[in-house]
Amino acid sequence: GQQVQQSPASLVLQEGENAELQCNFSSTATQLQWFYQRPGGSLVSLLYNPSGTKHTGRLTSTTVTKERRSSLHISSSQITDSGTYFCAMGQGGSAKLIFGEGTKLTVSS
Amino acid sequence: GGIITQTPKFLIGQEGQKLTLKCQQNFNHDTMYWYRQDSGKGLRLIYYSITENDLQKGDLSEGYDASREKKSSFSLTVTSAQKNEMAVFLCASSILGNYAEQFFGPGTRLTVL
């Protein structure tokens, strides 16, 4: 079936460093969404980016549909960025999202 | 803007018990979803409802029933709670369409004794 692989599984950074999170999927995606989850919290939609490059604040997502991959770049990371980042993909003809297992980001001072 | 409300926030039941989780949204979205998140894992789709009178099974529907009472509400029933179903259940909604961004509620944490 469809699969979504996220890497790395975990990432530890010093405050101010940049983070690069990767998402690879097994079939062509027509939907691609990045989410953030604080421990014990709900999912917050960060970016909806099925193709191309999108920015919001310190976040940049680049999705290359033909290569079945998406990335999330977090610039100048802050302690409050700590949490788990999920990538989810969907295919045309379906409203379903398939989620990756997440990247756990820890930012320390 | 809008919000998604899930009740209860914490649900404790006995093994074999039938339990119901509720979700309400005021986005006026057509499509609603139920996901399950096991500890430290990603989300898996249980049921979704494209429009008010629709019900579709996801990859994890066995052991669950769902009901779309009206456009704004979507309920999930655990038909016979098992200990290996302890998880957080998340409700989401989106506009109608295959390319729609999904928005999530705060979740219901299920504990089975």
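See the structure shown above.
Residues numbered from 1 in each chain as written. Chains lettered and ligands numbered in written order. Predicted model: local features only at pLDDT ≥ 70, side-chain atom pairs only at ≥ 80, totals over all residues. Heavy atoms only, no water.

### Quick word on the overall build of chain A
Along its length, chain A carries zero helices and 11 strands. If you line up chain A on its principal axes, its C-alpha atoms span 45 × 25 × 20 Å. Out of the 109 residues belonging to chain A, those deemed buried represent 46%. Considering only intrachain contacts with a sequence separation of at least 6, the fraction spanning at least 24 residues in chain A is 55%. Accessible area of chain A: about 4,900 Å², with a carbon and sulfur share of 49%. Counting 8 positive and 6 negative side-chain charges, chain A places the averaged centre of each group 11 Å from the other. (Helix = DSSP H or I, 4+ residues; strand = E, 2+ residues; numbered from the N terminus. Buried < 20%, exposed > 50% of the residue type's maximum accessible area, 1.4 Å probe, protein only. Contact = heavy atoms within 4.5 Å. Areas by Shrake-Rupley, 256 points an atom, 1.4 Å probe, with all protein chains shown as cover. Lys, Arg positive; Asp, Glu negative; His and termini not counted. Charge placed at Lys NZ, Arg CZ, Asp CG, Glu CD.)

### Details of the interface of chain B and chain A
Facing 19 residues of chain B, the contacting portion of chain A comprises 20 residues. Roughly 1,700 Å² is buried in total at the junction of chain B and chain A, and carbon and sulfur atoms are behind 52% of that figure. Here chain B and chain A share one salt bridge between them. Between Glu101(A) and Lys41(B) there is a salt bridge whose closest N-O contact spans 3.7 Å. Where chain B touches chain A, the interface holds five residue pairs in polar contact (both at pLDDT 80 or more). Elements that contribute at least two residues to the side of chain B that touches chain A include exactly strand E4 (31-37) and strand E5 (43-49) of chain B. The class makeup of the residues in the side of chain B that touches chain A is 10 nonpolar, six polar and three charged. (Buried area = accessible area lost by both parts, 1.4 Å probe. Salt bridge = Lys/Arg side-chain N within 4 Å of Asp/Glu carboxyl O. Polar contact = N/O pair within 3.5 Å; in protein donor to acceptor, adjacent residues only side chain to side chain. Nonpolar A, V, L, I, M, F, W, Y, C, P; charged D, E, K, R; others polar.)

### A few points about the environment of Gln91(A)
All names here are of chain A. Here Gln 91 shows up in the loop between strand E9 (83-90) and strand E10 (98-99). A relative accessible area of 23% means that Gln 91 is categorised as partly exposed. C-alpha separation for the pair Gln 91 and Thr 65, spaced 26 residues apart in sequence, amounts to 11 Å.

### A word on the pattern of salt bridges
Residue and element names in this part refer to chain B. For the structure shown, the criterion picks out six salt bridges over all chains. With its nearest N and O atoms 2.8 Å apart, the salt bridge here joins Asp 38 to Arg 44. Look at Asp 38 and you get buried, because its relative accessible area is 19%. What you see here is one network of salt bridges that share partners, running through Arg 36, Asp 38 and Arg 44.

### So, the packing of aromatic side chains
Taken as a whole and judged by the stated rule, the model has 10 aromatic pairs over all chains. Ring geometry for Phe27(B) versus Phe103(B): centroids 5.4 Å apart, planes at 25°, classification stacked. In this pair, Phe27(B) is assigned in the loop between strand E3 (19-25) and E4 and Phe103(B) in strand E10 (residues 103-104), connecting sequence segments 76 residues apart. Residue classification places Phe27(B) among the partly exposed positions, given a relative accessible area of 24%. Taking the relative accessible area as the measure of exposure, Phe103(B) reaches 30% and is therefore partly exposed. What links up through ring pairs into an aromatic cluster is the set Phe35(A), Phe99(A), Tyr33(B), Tyr35(B), Tyr48(B) and Phe104(B). (Phe/Tyr/Trp six-rings, centres within 6.5 Å; stacked < 30°, edge-to-face > 60°.)

### Brief notes about the side chain of Ser61(B)
With respect to the helices and strands, Ser61(B) occurs in the loop between strand E6 (56-57) and strand E7 (64-70). Setting aside its immediate chain neighbours within four residues, Ser61(B) contacts Ile46(B) and Tyr47(B).

### A closer look at the state of the cysteines
Residue and element names in this part refer to chain A. By the definition in use, this model includes two disulfides over all chains. Paired by a disulfide, Cys 23 and Cys 87 hold their sulfur atoms 1.9 Å apart. Taking the sign of the S-S torsion, about -60° here, the bridge from Cys 23 to Cys 87 comes out left-handed. Linking Cys 23 in strand E3 (residues 19-25) with Cys 87 in strand E9, this pair joins segments that are 64 residues apart in sequence. By the burial criterion, Cys 23 is buried, and Cys 87 matches it. (Disulfide = S-S within 2.5 Å.)

### Regarding unusual backbone geometry
The omega angle of the peptide bond from Ser7(A) to Pro8(A) is -10°, so this bond is cis rather than trans. In this fold, Pro8(A) is placed in the loop between strand E1 (4-7) and strand E2 (10-14). The peptide bond linking Thr7(B) to Pro8(B) adopts the cis configuration, its omega dihedral lying at -10°. By the element assignment, Pro8(B) lies in the loop between strand E1 (4-7) and strand E2 (10-13). At Arg68(A), a residue that is not glycine, the phi angle is positive and equals roughly 55°. By secondary structure assignment, the location of Arg68(A) is in the loop between strand E7 (59-64) and strand E8 (69-74). Within the chain, Asn28(B) stands out as a residue other than glycine whose phi angle is a positive 65°. Assignment of secondary structure puts Asn28(B) in the loop between E3 and E4.

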